[in-house]
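Analysis of the macromolecular model
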Amino acid sequence: MFNKLWLKYEKSIIKDEKDEKIARAMKYVKLSGADANHRIMARILEELELATGEMFGEPIQNCTGRGEFSGLLLELTEEGSFLSDSGVCEESLGEEGFYLARTEGTDGEWTYRVKASGYKGLLYGVFHLLGLLRQGKGGDVSQIVKRPSNPLRMMNHWDNMDGSIERGYSGRSFFFENNEMIIDERTGLYARAMASVG
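Residues numbered from 1 in each chain as written. Predicted model: local features only at pLDDT ≥ 70, side-chain atom pairs only at ≥ 80, totals over all residues. Heavy atoms only, no water.

**With respect to the overall build of the protein**
Across its full length, the protein carries four helices and ten strands. When the helices and strands of the protein are listed from N to C terminus, the series reads α-β-α-β-β-β-β-β-β-α-β-β-β-α. Each of the 198 residues in the protein was classed as buried or not, and the buried ones make up 39%. For the protein, the proportion of contacts with a sequence separation of at least 24, taken over those separated by at least 6, is 64%. For the protein, the computed accessible surface area is about 11,700 Å², with 50% contributed by carbon and sulfur atoms. (Helix = DSSP H or I, 4+ residues; strand = E, 2+ residues; numbered from the N terminus. Buried < 20%, exposed > 50% of the residue type's maximum accessible area, 1.4 Å probe, protein only. Contact = heavy atoms within 4.5 Å. Areas by Shrake-Rupley, 256 points an atom, 1.4 Å probe, with all protein chains shown as cover.)

Shown next, in the form of structure tokens:
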């Protein structure tokens, strides 16, 4: 069996009121400007269901109601400058950047907000939030802005299409075999792991 790396979500231990607020905030997700059927958005929602199911005991649910919302708000904004929650005009996030913040409603409940100009930015923002939750830092979120400096980021592998590996010391490739790409649970997890670090 292969290792799930940092995507092994473990059950969160509720120790205090802060942990309870985090758990309640991760019960519901609401989309603003984003299409739930978009292929990346669908993948984001799948990851959220998996992560919240394992960490908090029940998968996150989609919320379409109106009025004050407490939970996880995923906002797809138009390209260009945007207003942060403090009213500061920020420069462009770009296609892959994101803005992450935690706000508190009039009822004292928390809302996590991930804003992005593109679906990739939402994906990276959600993975960043899940990483903070996994590390027990969900209550420390205030305002975070990330903008990848390079539009193309890659991992350098020496795998050959026949399954052999140049200078490989740990067996055969799990990407290729007999000049075909392998698509299975392991390569799917690898793709998730790469997306999770942006």
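**Topic: a nonpolar patch on the surface**
Residues Leu-5, Trp-6 and Val-197 make up a contiguous nonpolar surface patch of roughly 280 Å² in combined accessible area. Within the secondary structure, Trp-6 sits in the segment before helix H1 (17-25). (Patch = residues over 30% accessible without salt bridge, like charges linked within 9 Å, V, L, I, M, F, W, Y side chains within 5 Å. Salt bridge = Lys/Arg side-chain N within 4 Å of Asp/Glu carboxyl O.)

**Some thoughts on the packing of aromatic side chains**
Tallied over the full model, the rule gives four aromatic pairs. Where Phe-175 meets Tyr-190, the ring centres are 5.1 Å apart and the plane angle is 75°; that geometry is what we call edge-to-face. Taken together, the residues span a long stretch of sequence, with Phe-175 in the loop between strand S8 (143-146) and strand S9 (176-177) and Tyr-190 in helix H4 (residues 185-196) at a distance of 15 residues. The residues Phe-175 and Tyr-190 share a single accessibility class, namely buried. Each member of the aromatic cluster is reached from another via a ring pair, and the members are Phe-174, Phe-175, Phe-176 and Tyr-190. (Phe/Tyr/Trp six-rings, centres within 6.5 Å; stacked < 30°, edge-to-face > 60°.)

**What about the environment of Lys-30?**
Its location among the elements puts Lys-30 in strand S1 (residues 28-32). Under the relative-accessibility criterion, Lys-30 is labelled buried at 19%. Between the C-alpha atoms of Lys-30 and Gly-71, which are 41 residues apart in sequence, the distance is 7.6 Å.

**As for the layout of surface pockets**
Of the volumes computed, that of the largest pocket is approximately 300 Å³. In terms of lining residues, the largest pocket is bounded by 18 residues, among which Ser-12, Ile-13, Asp-19, Leu-133 and Gly-136 are the most central. Contributing elements (two or more residues each) for the lining of the largest pocket: H1, helix H2 (39-56) and helix H3 (119-134). Examining the composition of the lining of the largest pocket, we find that three residues originate from one element, H1, more than from any other. Residue classes in the lining of the largest pocket are distributed as six nonpolar, four polar and eight charged. (1 Å grid on protein atoms, 1.4 Å probe; cavity = no way out; pocket = protein on both sides within 12 Å on 5 of 7 lines; lining within 4 Å. Points joined across faces, edges and corners; volume = space filled by probe spheres on them. Nonpolar A, V, L, I, M, F, W, Y, C, P; charged D, E, K, R; others polar.)

**Quick notes on the environment of Asp-184**
Topologically, Asp-184 is positioned in the loop between strand S10 (180-181) and H4. For Asp-184 and Phe-174, which are ten residues apart along the polypeptide, the C-alpha to C-alpha distance reads 9.3 Å. At a separation of 3.1 Å, a polar atom in the side chain of Asp-184 contacts the main-chain amide nitrogen of Arg-186. (Polar contact = N/O pair within 3.5 Å; in protein donor to acceptor, adjacent residues only side chain to side chain.)

**Re the pairing of strand S3 (residues 72-76)**
Summarising burial for S3: five of the five residues are buried, a large majority. Alternating residues of S3 divide into Leu-72, Leu-74 and Leu-76 and Leu-73 and Glu-75, and every residue in both groups is buried. As defined by bridge partners, S1 adjoins S3 across four bridges and the pair is classed as parallel. Bridging across to S3, Ser-32 finds its partner in Glu-75. By the bridge criterion, five bridges tie S3 to strand S7 (residues 110-116) in an arrangement that is parallel. Bridging from a neighbouring strand, Glu-75 pairs with Lys-115 of S7. (Pairing = 2+ DSSP bridges.)

**Side note on a negative patch on the surface**
A grouping of Asp-16, Glu-17, Glu-20, Glu-68, Glu-104 and Asp-107 is seen on the molecular surface, where their side chains present a negatively charged patch. Classification of Glu-68 as exposed rests on a relative accessible area of 52%. (Lys, Arg positive; Asp, Glu negative; His and termini not counted. Charge placed at Lys NZ, Arg CZ, Asp CG, Glu CD.)

**Points about the packing of H2 against H3**
Where H2 contacts H3, the axes come no closer than 9 Å and their chain directions differ by 10°. Regarding the angle of H2 to H3, the classification is roughly parallel. Where H2 approaches H3, its residues Ile-40, Met-41, Ile-44, Glu-47, Leu-48, Ala-51 and Met-55 are matched on the opposing element by Tyr-119, Lys-120, Leu-122, Leu-123, Val-126, Phe-127, Leu-130, Leu-133 and Arg-134. Its residues assigned to classes, the contact of H2 with H3 shows 13 nonpolar, no polar and three charged. (Axes fitted to C-alpha atoms, helices over the stretch in contact; angles between N-to-C directions. Parallel < 35°, antiparallel > 145°, perpendicular 65-115°, else oblique.)

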